[in-house]
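Breakdown of the fold
Now for the letters of each chain:
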Amino acid sequence: MRHPLLLPLAVVALALAACASAPPAPESSGGVAGGVAGGSVGGVGRDAPTLYDTVSIRAEAAKASLTRETFTVILAPGEGSPGLETENYAHRDDADFHSVLRDPLSTFSIDVDTASYARVRRYLAEGARPPADAVRIEELLNYFVYDDPLPAAGEPFSVTTEVAACPWNAAHRLLRIALRAVPVQFAGRRPGHYVFLVDVSGSMDQPDKLPLVQQALKLLAGQLTGQDLVSIVAYAGAAGVVLPPTAAADRSALESAIENLQAGGSTAGGEGILLAYALARERFIPGGINRVILATDGDFNVGVSSEGELTRLIEEQAKSGVFLTVLGFGTGNLQDAKMEALADRGNGQFAYIDSPLEARRALVEQAGGTLVTVAKDVKIQVEFNPAEVAAYRLIGYENRLLAAEDFRDDTKDAGEIGAGHSVVALYEIVPPAAAQAVERPVDPLRYQALKPSEASASGELGTVKLRFKAPDGDTSVERAFVVMDTGRGPGEATSELKFAASVAAFGMVLRDSPHRGGASIELVRSLASAGLAYDPDGQRAGFLQLVDQAGAAIGTPVAGR
């Protein structure tokens, strides 16, 4: 039964009285809350009316712990601003070439977000060319699974490097660095406490928003077992507990709580975040998976709402050991930049759900990668040999760049990698013989001389170093790998390099990158076709269909250029 958003005051009073008098929830031997009736968290009864309609736990108290103090909030349908019919993408310029003599170190944080690919697919399916800033090439690359070696025993991921001719510039080389995380069967993972944090504001009252959120959460709930706890927090003009920590095996209570969610009101996202993290800490599972899963269009407009305020709030909450997954939904007023920033600072991933099929991919087929972290604060630093490389540019990852000194600084945050994830980084490399095309004049130094060391005669292209922490660790470990260029030509690259190159070229074409060279839809299609041998989930074949759709839309100007 669905509870109406506007409740009679008498019912509200009875609900609050029931909340105050409800006895504590009985716990099983495993510490999992029992049946539906009579359970409580923070003085909010589970047998009360739909709680986000009537009750909000004060944000100030939630910062430290849950509280039994409540107050009444009555939301009228459609209350609050519907939101601007615009989508907010952070601006980024394509990375330029760097001189190896002046800047031999390239340092960045990994990124396993995939939201950009699903969004690009949505635009092209509608016959529109995506805005340039909606196209993040690293997220296109990392949407796919690659046929790289599995990690050695005891390692969270493997590292593979390969060099071949650059398909869009014959005078250049292309370096591929690939990480493949250890796969974990989601059914055999550690116990977890998953707090679903659901935006039920008025802007979510669209078919591709809250109804799709409900489908997605039901799919995820179907992956959980009796060892797991699930909580649900909803927020609109205020935040409230819809479902206190409950055994995931109690499917009727879980599905009923999801089905009863209704949209209406403004968006107190900051208060919802505080409450969700407080609930996660209250029933934290040591050694388990503790994660907040935020489902929203990102249109926060009440209380803590700016990107800066929200990211600082998330950074503080992440210190508790609770990780964050951000799921974006809908069109029109999608706040992409804000959601990406929250996921980055919350030790988590950002995915965009544009359909039930994408929900199944992210939360069922790749549930391990989305929800199970195998390494955190993963950083990559590449040192190039000036005898072999005149200049380089990292393709994508523009907002993940780090200072060289950040590499060994364990206080600097970086990206997380989930079970089974693939991470790919591509460098376009300019050999010394082709340096003139990218050289820009710089005055010679007066007080020091830049000259190669003896090691530059080794024939090595460079050295790749990685630092990372265990999911519950505070100290990084380091791995290093030497890269050699054996001179492979265009036809000698592996199918994995060809496919990654096709995806990168696709992104450059869509962005109208100044470095696209000879990249075209025809080149993308040719390279992608050569990489179809490995396609375990059918996504590469789907990419080819997307390329054909792009061919029809490519004549339109790139938005934002």
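Summary of the structure given here.

**Some words on the overall build of the chain**
The secondary structure content of the chain amounts to 15 helices and 20 strands. Per-residue burial over the chain gives 59% buried out of 561 residues. Across the chain, every contact between residues at least 6 apart in sequence was considered, and the portion connecting residues at least 24 apart equals 80%. Only carbon and sulfur atoms are counted for the fraction: they give 53% of the accessible area of the chain, which is about 21400 Å².

**Some points on the packing of helix α13 (residues 495-511) against helix α15 (residues 539-553)**
Running from N to C, α13 and α15 point in directions that differ by 30°, and their axes come no closer than 12 Å. Relative to α15, α13 is oriented roughly parallel. Considering how the two elements wind past one another, α13 and α15 form a crossing that is left-handed. Of the residues in α15, those touching α13 at Glu496, Phe499, Ser502, Val503, Phe506 and Leu510 are Arg540, Phe543, Leu546, Val547 and Ala550. Residues of the contact of α13 with α15, tallied by class, amount to eight nonpolar, one polar and two charged.

**Notes on the packing of aromatic side chains**
Tallied over the entire structure, the rule returns 14 aromatic pairs. Plain terms: the ring middles of tyrosine 117 and phenylalanine 144 are 5.2 Å apart, the flat faces sit at 80° to each other, and that makes the pair edge-to-face. Linking tyrosine 117 in helix α4 (residues 115-125) with phenylalanine 144 in the loop between α5 (137-141) and β7 (157-165), this pair joins segments that are 27 residues apart in sequence. Each member of the pair tyrosine 117 and phenylalanine 144 is classed as buried. Taken together, a centroid distance of 5.7 Å and an interplanar angle of 80° make the contact between phenylalanine 144 and phenylalanine 543 edge-to-face. Pair noted here: phenylalanine 144 is in the loop between α5 and β7 and phenylalanine 543 is in helix α15, with a separation of 399 residues, a long-range link. Phenylalanine 543 shares its class with phenylalanine 144; the two are buried. One aromatic cluster is present, formed by Tyr117, Tyr143, Phe144, Tyr146, Phe499, Phe506 and Phe543 through successive ring pairs. Here the guanidinium or amino end of arginine 122 rests over the ring plane of tyrosine 123, the centre of that ring lying 4.6 Å away.

**Concerning the pattern of salt bridges**
Applying the stated criterion across every chain yields a total of 30 salt bridges. Arginine 479 is paired through a salt bridge with glutamate 155; the nearest N and O atoms lie 2.9 Å apart. With arginine 479 in strand β20 (residues 477-484) and glutamate 155 in the loop between α5 and β7, this residue pair connects regions lying 324 residues apart in the sequence. Accessibility expressed as a relative area gives 31% for arginine 479, which makes it partly exposed. Here arginine 400 and aspartate 344 are joined by a salt bridge, their closest N and O atoms 2.6 Å apart. On the criterion of sequence distance, the pair formed by arginine 400 in the loop between β16 (391-395) and β17 (415-418) and aspartate 344 in helix α10 (residues 336-345) is long-range, its members being 56 residues apart. Taken as a pair, arginine 400 and aspartate 344 share a single burial class, namely buried. When salt bridges that share partners are traced, they join Arg119, Arg136, Glu139, Asp336 and Glu340 into one network.

**Quick word on the sheet that holds strand β5 (residues 98-99)**
With respect to topology, five strands assemble into an open sheet ordered β5-β16-β18-β8-β7, the strand pairing being antiparallel. At either margin of the open sheet sits one strand with a lone partner, and together these are β5 and β7. Strand direction decides the pairing type here: strand β8 (residues 173-181) and strand β18 (residues 422-430), joined by eight bridges, are antiparallel. Each bridged residue has a counterpart across the sheet, and for arginine 173 the counterpart in β18 is isoleucine 429.

**Here's the deal with the environment of tyrosine 427**
Considering the arrangement of structural elements, one finds tyrosine 427 in strand β18. Separated by 34 residues in sequence, tyrosine 427 and arginine 393 have C-alpha atoms that sit 5.5 Å apart. Each residue touching tyrosine 427, except ones within four places of it in the same chain, is listed here: Ser106, Phe108, Arg173, Leu174, Leu175, Ile177, Val382, Phe384, Tyr392, Arg393 and Leu394. Within the structure, the side chain of tyrosine 427 is placed 2.7 Å from the side chain of serine 106, a separation counted as a polar contact.

**Quick look at a nonpolar patch on the surface**
A cluster of nonpolar side chains, Leu101, Leu445 and Leu450, forms an exposed patch at the surface whose accessible area comes to about 280 Å². Relative to the helices and strands, leucine 445 is located in the loop between β18 and β19 (460-469).

**Here we look at the nonpolar core**
Counting 71 residues, the largest nonpolar core has Leu179, Phe196, Ile417 and Tyr427 as its most contacted members. With seven residues, helix α6 (residues 210-221) is the largest single contributor of residues to this core. Counting 42 residues, the second-largest nonpolar core is a separate cluster that includes Tyr146, Leu426, Phe499 and Ala504.

**Focus on the sheet that holds strand β10 (residues 229-235)**
Taking strand neighbours across the sheet as the criterion, the six strands line up as β11-β10-β9-β12-β13-β14 in an open arrangement whose pairing is mixed. Every interior strand has two partners, whereas the edge strands, β11 (239-247) and β14 (349-353), have only one. Across the sheet, the axes of successive neighbouring strands diverge by a mean angle of 15°, strand direction being ignored. Bridge count for strand β9 (residues 192-199) against strand β12 (residues 289-296) is seven bridges, and the pairing is parallel. Bridge pairing links tyrosine 194 to arginine 291 in β12.

**Some thoughts on the packing of α6 against helix α11 (residues 356-365)**
With their axes 9 Å apart at the nearest point, α6 and α11 run at an angle of 35° to one another. Crossing of α6 against α11: the hand is right-handed. Residues Leu212, Gln215, Ala216, Leu219 and Leu220 of α6 lie in contact with α11, whose contacting residues are Pro356, Ala359, Arg360, Leu363 and Val364. Classifying every residue of the contact of α6 with α11 gives eight nonpolar, one polar and one charged.

**Notes on the side chain of arginine 119**
As for its position among the elements, arginine 119 is in helix α4. Accessibility expressed as a relative area gives 0% for arginine 119, which makes it buried. With near-sequence residues (within four places) excluded, arginine 119 lies in contact with Glu87, Tyr89, Ala134, Arg136, Leu334, Asp336, Phe350 and Tyr352.

The rules behind each value
- Residues numbered from 1 in each chain as written.
- Predicted model: local features only at pLDDT ≥ 70, side-chain atom pairs only at ≥ 80, totals over all residues.
- Heavy atoms only, no water.
- Helix = DSSP H or I, 4+ residues; strand = E, 2+ residues; numbered from the N terminus.
- Buried < 20%, exposed > 50% of the residue type's maximum accessible area, 1.4 Å probe, protein only.
- Contact = heavy atoms within 4.5 Å.
- Areas by Shrake-Rupley, 256 points an atom, 1.4 Å probe, with all protein chains shown as cover.
- Axes fitted to C-alpha atoms, helices over the stretch in contact; angles between N-to-C directions.
- Parallel < 35°, antiparallel > 145°, perpendicular 65-115°, else oblique.
- Left-handed = near helix turned anticlockwise from the far one by under 90°.
- Nonpolar A, V, L, I, M, F, W, Y, C, P; charged D, E, K, R; others polar.
- Phe/Tyr/Trp six-rings, centres within 6.5 Å; stacked < 30°, edge-to-face > 60°.
- Lys NZ or Arg CZ within 6 Å of the ring centre and 35° of its normal.
- Salt bridge = Lys/Arg side-chain N within 4 Å of Asp/Glu carboxyl O.
- Pairing = 2+ DSSP bridges.
- Polar contact = N/O pair within 3.5 Å; in protein donor to acceptor, adjacent residues only side chain to side chain.
- Patch = residues over 30% accessible without salt bridge, like charges linked within 9 Å, V, L, I, M, F, W, Y side chains within 5 Å.
- Core = buried A, V, L, I, M, F, W, Y, C linked by side-chain atoms within 4.5 Å.

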